[in-house]
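What follows is the residue order along each chain.
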Amino acid sequence: MDKVLSKNTSEVSSDPIYLVATPTINSDHADIQSYALDKVCAEDSDTVKAVALYYAVRDDIRYDPYSFDLDPASFAANLTLEAGVGWCVPKAILLAACCRALGIPARLGFADVKNHLSTERLRETMKTDVFHWHGYTSIYLNGRWVKATPAFNVELCNKFGLKPLEFDGHEDLIYHEFDQAGNRHMEYLLERGEYADVPFEEMMGLFKEVYGGFFDEPDLQNHSFEDDVNREVSS
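Owing to the predicted nature of the structure, the values given are computational and were not obtained by experimental measurement.

A. Fine view of the overall build of the chain. What the chain contains, in helices and strands, is 9 helices and 7 strands. The long-range share in the chain, meaning contacts at least 24 apart out of those at least 6 apart in sequence, stands at 72%. Accessible surface for the chain amounts to roughly 10,500 Å². Of this, 48% is attributable to carbon and sulfur atoms.

B. Focus on unusual backbone geometry. Despite not being glycine, Trp-133 has its phi angle at roughly 60°, a positive value. Position of Trp-133 among the secondary structure elements: in strand E5 (residues 130-141). Despite not being glycine, Asn-142 shows a phi value in the positive range, around 55°. Turning to its location among the elements, Asn-142 is positioned in the loop between E5 and strand E6 (144-148).

C. The arrangement of the pairing of strand E4 (residues 106-114) in detail. Counting buried positions along E4 gives 8 out of 9 residues, so the element sits mostly inside the fold. Where E4 meets E5, 8 bridges bridge the pair, whose relative direction is antiparallel. Within the sheet, the bridge partner assigned to Gly-109 lies in E5 and is Tyr-136. Relative to strand E7 (residues 187-195), E4 runs antiparallel, the two sharing 7 bridges. Its bridge partner lying in E7, Gly-109 is registered against Glu-194.

D. The arrangement of the pattern of salt bridges in detail. One pass over the full model with this rule turns up 11 salt bridges. Between Lys-39 and Asp-60 there is a salt bridge, with its nearest N and O atoms 3.0 Å apart. With a gap of 21 residues between them, Lys-39 in the loop between helix H1 (30-38) and helix H2 (46-60) and Asp-60 in helix H2 connect regions that are remote in the sequence. The partly exposed category is assigned to Asp-60, whose relative accessible area is 37%.

E. Structural detail: the nonpolar core. Counting 66 residues, the largest nonpolar core has Ile-139, Phe-167 and Met-203 as the members making the most contacts within it. A per-element tally of this core places helix H4 (residues 88-101) first, with 10 residues. Contacts of Ile-139, omitting those with residues within four sequence positions, involve Ala-50, Leu-95, Cys-99, Ile-104, Pro-105, Ala-106, Arg-144, Trp-145, Val-146, Ala-148 and Phe-167.

F. View of the packing of aromatic side chains. Applying the stated criterion across every chain, the model contains 16 aromatic pairs. For the pair Phe-110 and Tyr-195, a centre-to-centre distance of 5.7 Å together with 70° between the ring planes defines the contact as edge-to-face. Of this pair, Phe-110 sits in strand E4 while Tyr-195 sits in strand E7, placing them 85 residues apart in sequence. On the basis of relative accessible area, Phe-110 is assigned to the buried category, the value being 1%.

G. Just the side chain of Ser-138, in detail. If you trace the backbone, Ser-138 turns up in strand E5. At a separation of 2.9 Å, a polar atom in the side chain of Ser-138 contacts the side chain of Glu-194. Once residues within four sequence positions are removed from consideration, Ser-138 is found in contact with Pro-105, Ala-106, Arg-107, Trp-145, Val-146, Lys-147 and Glu-194.

H. Representation of H1 within the structure. Listed in full, the buried residues belonging to H1 are Ile-32, Tyr-35 and Ala-36. Projected down its long axis, H1 shows its buried positions confined to an angular sector of 95°, all on one face. Exposed residues lying more than 90 degrees from the buried face of H1 are Ala-30, Leu-37 and Asp-38. At its buried positions, H1 is contacted by H2, helix H3 (77-83) and H4.

Definitions and cut-offs
Residues numbered from 1 in each chain as written. Predicted model: local features only at pLDDT ≥ 70, side-chain atom pairs only at ≥ 80, totals over all residues. Heavy atoms only, no water. Helix = DSSP H or I, 4+ residues; strand = E, 2+ residues; numbered from the N terminus. Contact = heavy atoms within 4.5 Å. Areas by Shrake-Rupley, 256 points an atom, 1.4 Å probe, with all protein chains shown as cover. Buried < 20%, exposed > 50% of the residue type's maximum accessible area, 1.4 Å probe, protein only. Pairing = 2+ DSSP bridges. Salt bridge = Lys/Arg side-chain N within 4 Å of Asp/Glu carboxyl O. Core = buried A, V, L, I, M, F, W, Y, C linked by side-chain atoms within 4.5 Å. Phe/Tyr/Trp six-rings, centres within 6.5 Å; stacked < 30°, edge-to-face > 60°. Polar contact = N/O pair within 3.5 Å; in protein donor to acceptor, adjacent residues only side chain to side chain. Arc of directions from axis to C-beta.

Structure representation (structure tokens):
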């Protein structure tokens, strides 16, 4: 899919590409449609619906970067919903799929960030504190594109001392700049733009280039991200 520059927030959403179901953003899947409908009231505005979907995906689906899978098929929104866990990109995909299922235009945004929420095991495996292609969802509401990041569930934020990101459907919500103590936590380094679907080739190419050790660690999925988090925050 062609990239759509996120800086153009006034862009109209008439292009049906932001509503169409794809194999990854599979908004036509019965489970996605049922889940989305269950989380909203039919008479509510698109903004109210989008906010409800944001909180549902943020907190119903646990953030787990150990669940990373290179297979593009594994990114399908219904599989993340079924698993109940996912990292930032699959969770952004799920939110986009739920929005599209209700007729709300949505697309995927990506950026490189520093000091991302992580564990010692993950940092040692990745060999860097820069996370490329951090994913968020961009939703068309009230005549403009609004960014929302559903990655970190509230329980995880509380464990790490972060304020959960609160989405109102009007203001961009993209990252935890500071923790609850006022210390800098995350920094956006590069905005990679917004896309109608996942740019797998470009994203995976860079992952393999900079995170070689990540893919050489086949047993990462055999460890528990939640257990590692609990151990680190209690030490």
